[in-house]
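# An overview of the molecular structure
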Amino acid sequence: MLDSREEELGVKRDNTRKKKKEKRSEKKTIHKEEETEERRGEEEEEEEEGQQEKDSEGVLLRGIFKLGKKSQDVLLTRTRLTWIPITPETPTEEPRVLHPEVLLLEDVFAVKVKRRRAAGQQSGGPVLGLTLFHSRRKGRKLEEDTLHLHNASSEHTYRWYNKIKELVTGFTIRPKFLKVFINPSSHKKEAVHIYRDHVAPLFKMADVRTDITVTERTGHALSVMKECKLDEYDGVLCVGGDGSVAELCHALVLRAQLDTGSPEKPVKSTLPLALIFTGSTDVVSCSVHGVRDPVTAALHVILGHQQQVDMCSFTSLGQLVRYGFSAMFGFGGQSLARAEKNRWMSSSRRREYAVVKTLARLKPEDCQLSFIPVKTSSRDLFGLRDKNGLDQETDSEEEETWTTREGLYLNISIMSIPCLSPHAPQGLAPDTSLTSGSASLIAVGNTSRSEFIKHLKRYSASSGHFSFSFVETHTVSAVRVRPRSQTGWSEGEENEEEEDSKTTPIIGSEGASFPWNIDGELVEIANEVLVRVHPRLITLYGEHIDEAETTASCSCI
């Protein structure tokens, strides 16, 4: 009896276990089915979204090409090229979601038909497919890259070639004809080689025509710009350093004034300016590109990347001195004046010599400093605007409220752009943008030589650039610097005996310093200087960058 009961209990336990297993397996099956349905739903949604995107753009062409060794289903719309591998389906294989790869046509600057040619053969040959030349980003740089689409059908290939060519050439903002100025003596006299080796081949590939002038002297580009027919060109290209760029920016605004018959008021240039920098500092290039790289700059030009940039007018006693982006009075002007007297040195040695020499003979300047603070309530990020959205500038003295300071200053900087460089990756004016409609005023008061050197070194740091009690900063729309000394600065002061102390405050200034550093160019001005910011006065090829690439350092301090 006991044995039979035990057997019955065992059978019941086995049945209970089987039922539990069956329930667990049923739950797993249901869960898998739910997951599969959910996955299918997601896939269907993705496919539907992709199809809606394709439908909204309109698929212009669809065909099969090989990329590498794999066949791809390639689609062309008005804005992009997409491709996805063609894979055979098997009954046992689970369906895979393949995401298409994308190339935006706005990054494509040339398309060529690829052919097989024998050695020495210049033309003809069987068609192999297409090659698309495009840009790709690598950090702050733009690099040239290629996409090869293989298909041996001549008819198929040319149908795609013609359509892609039509779409790429349809970007109206891209330049077709440029006026080029090359400064052959810029930096290490490498400008011609840099243009020929790195820029010209890209322009040729992108079908950009050029009219080249190799400048022979300072002011040559300005004289050519006053006479040439600018309506023939889509833009102007400068191959040179900060001095060459400053001259051409000044020339473009002056030419716009002449063309519109408005000699008194700045007029926005109708032509954009492209920058291929070959200088030693290149603050404008770093501010609009982030790097000093000719390929990056050339690709920005070819692809038509443009941005409007603020500029300043510099006048003295009512007479225009020039247009520019930045200026330094005091230490900045004195060190540049000393550097210009030693142009027989290499650029790096000349710069370091001038900085050390000026620090050794550092004196503050006694001057009156006046400025108009920017009122955020009345000015937006792009400057003052009227009801129609057009730029306005307050030229009336009655409408402006000037703030005035008087005292001794070691250096005064006025900058409408951040002035990025390898030596100052975040810029000499980190809080200024290219289109803020204002400028940064940085006034460094009288202090000891060691404290001033600490201030200079802080530019290479990531923060705390102006965290000194003797440094005053303001966001301004206008600045007036009026020296109160009667004697101008001269190199004759070099013979004066200097104090050896590096810790005692530098007191007194027996003579005013009149050299100005305007965009890296030495300008001698004997009287007060009025600086005004003009929002979006010029258009440059490039794009806004917050920080420059660090590739250099100064060992002199």
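Everything below is about the structure shown above.
So, a few notes on the structure that sits alongside this text. (Residues numbered from 1 in each chain as written. Predicted model: local features only at pLDDT ≥ 70, side-chain atom pairs only at ≥ 80, totals over all residues. Heavy atoms only, no water.)

## Details of the overall build of the chain
The cut-off we apply is this: A run of H or I in DSSP counts as a helix once it spans at least four residues, and a run of E counts as a strand once it spans at least two, with each numbered from the N terminus. For every residue, the accessible area (1.4 Å probe, protein chains only) is compared with the maximum for its type, and the residue is labelled buried under 20%, exposed over 50%, or partly exposed between those bounds. Contacts are residue-level and defined by heavy atoms, with any inter-residue pair within 4.5 Å sufficient. Calculation of accessible area relied on Shrake-Rupley with a 1.4 Å probe; when residues are assessed, cover is drawn exclusively from the protein chains displayed.
Scanning the chain from terminus to terminus reveals 10 helices and 23 strands. Relative to its 557 residues, the chain shows a buried fraction of 46%. Taking the contacts inside the chain whose residues are at least 6 apart along the sequence as the reference set, 74% of them involve residues at least 24 apart. Carbon together with sulfur atoms contributes 48% to the accessible area of the chain, which is approximately 29,400 Å² in total.

## A few points about the side chain of Gln72
Structurally, Gln72 can be placed in strand β2 (residues 70–76). When neighbours within four sequence positions are excluded, Gln72 is seen to be in contact with Gly63, Ile64, Phe65, Leu67, Trp83, Ile84, Pro85 and Ile86.

## A word on helix α4 (residues 220–227)
Among the residues of α4, His220, Ala221, Leu222, Val224 and Met225 are the ones counted as buried. Check the buried side of α4 and you find it contacts β8 (177–182), β9 (209–214), β10 (235–240) and α5 (242–260).

## Notes on helix α2 (residues 154–169)
Operational definition: A helix's residues, less one, multiplied by 1.5 Å, set its expected span. When we speak of the arc, we mean the arc of directions from the helix axis to the C-beta atoms. Polar contacts, as used here, are pairs of N or O atoms within 3.5 Å; protein pairs need one atom able to donate a hydrogen and one able to accept it. Residues neighboring in sequence count only if both atoms are side-chain atoms.
Taking 1.5 Å as the rise per residue, α2 with 16 residues should run 22 Å; its terminal C-alpha atoms sit 22 Å apart, in good agreement. Turning to α2, its buried residues number three or more, namely His156, Thr157, Trp160, Tyr161, Ile164, Leu167 and Val168. Buried residues along α2 cover an arc of 135° about the axis, so they all sit on one side. In this structure, the buried side of α2 is in contact with β1 (61–67), β2, β3 (80–85), β5 (108–115) and β6 (127–138). Of the residues flanking the start of α2, the one acting as N-cap is Ser153, its side-chain oxygen 3.2 Å from the backbone nitrogen of His156.

## Observations concerning the pattern of salt bridges
Filter applied, for reference: Any carboxyl oxygen of Asp or Glu that lies within 4 Å of a side-chain nitrogen of Lys or Arg is treated as forming a salt bridge with it.
Across all of its chains, the model carries 14 salt bridges by this definition. Here Arg255 makes a salt bridge to Asp259, at a shortest N to O gap of 3.0 Å. Of this pair, Arg255 and Asp259 both sit in helix α5, separated by four residues, roughly a single helical turn. As a salt-bridge pair, Arg405 and Glu472 come within 2.8 Å of each other at their nearest N and O atoms. Taken together, the residues Arg405 in strand β18 (residues 403–415) and Glu472 in strand β20 (residues 471–483) connect sequence positions 67 residues apart. On the basis of relative accessible area, Arg405 is assigned to the partly exposed category, the value being 29%. On the accessibility criterion, Glu472 (22% relative accessible area) is partly exposed. Shared partners join several salt bridges into a network, and the residues in it are Arg136, Glu143 and Asp145.

## Some details on the state of the cysteines
Disulfides are covalent bonds that link the sulfur atoms of two cysteine residues. Operational definition: Counting rule for disulfides: a pair of cysteine sulfur atoms within 2.5 Å.
Under the defined criterion, the tally for this structure stands at zero disulfides. Note on Cys238: no disulfide assigned, nearest cysteine sulfur contributed by Cys249 at a separation of 7.9 Å. Looking at Cys238, the relative accessible area reads 1%, which means it is buried. No disulfide involves Cys419; its nearest neighbouring cysteine sulfur is the one of Cys312, lying 9.6 Å away.

## Description of unusual backbone geometry
One non-glycine residue, Asp207, adopts positive backbone phi at about 60°. Within the element layout of this structure, Asp207 appears in the loop between α3 (191–205) and β9. Note on Asp207: relative accessible area 42%, which makes it partly exposed. Phi at Asp519 is positive, roughly 55°, even though this residue is not glycine. Tracing the chain through its elements places Asp519 in the loop between β21 (515–518) and β22 (521–524).

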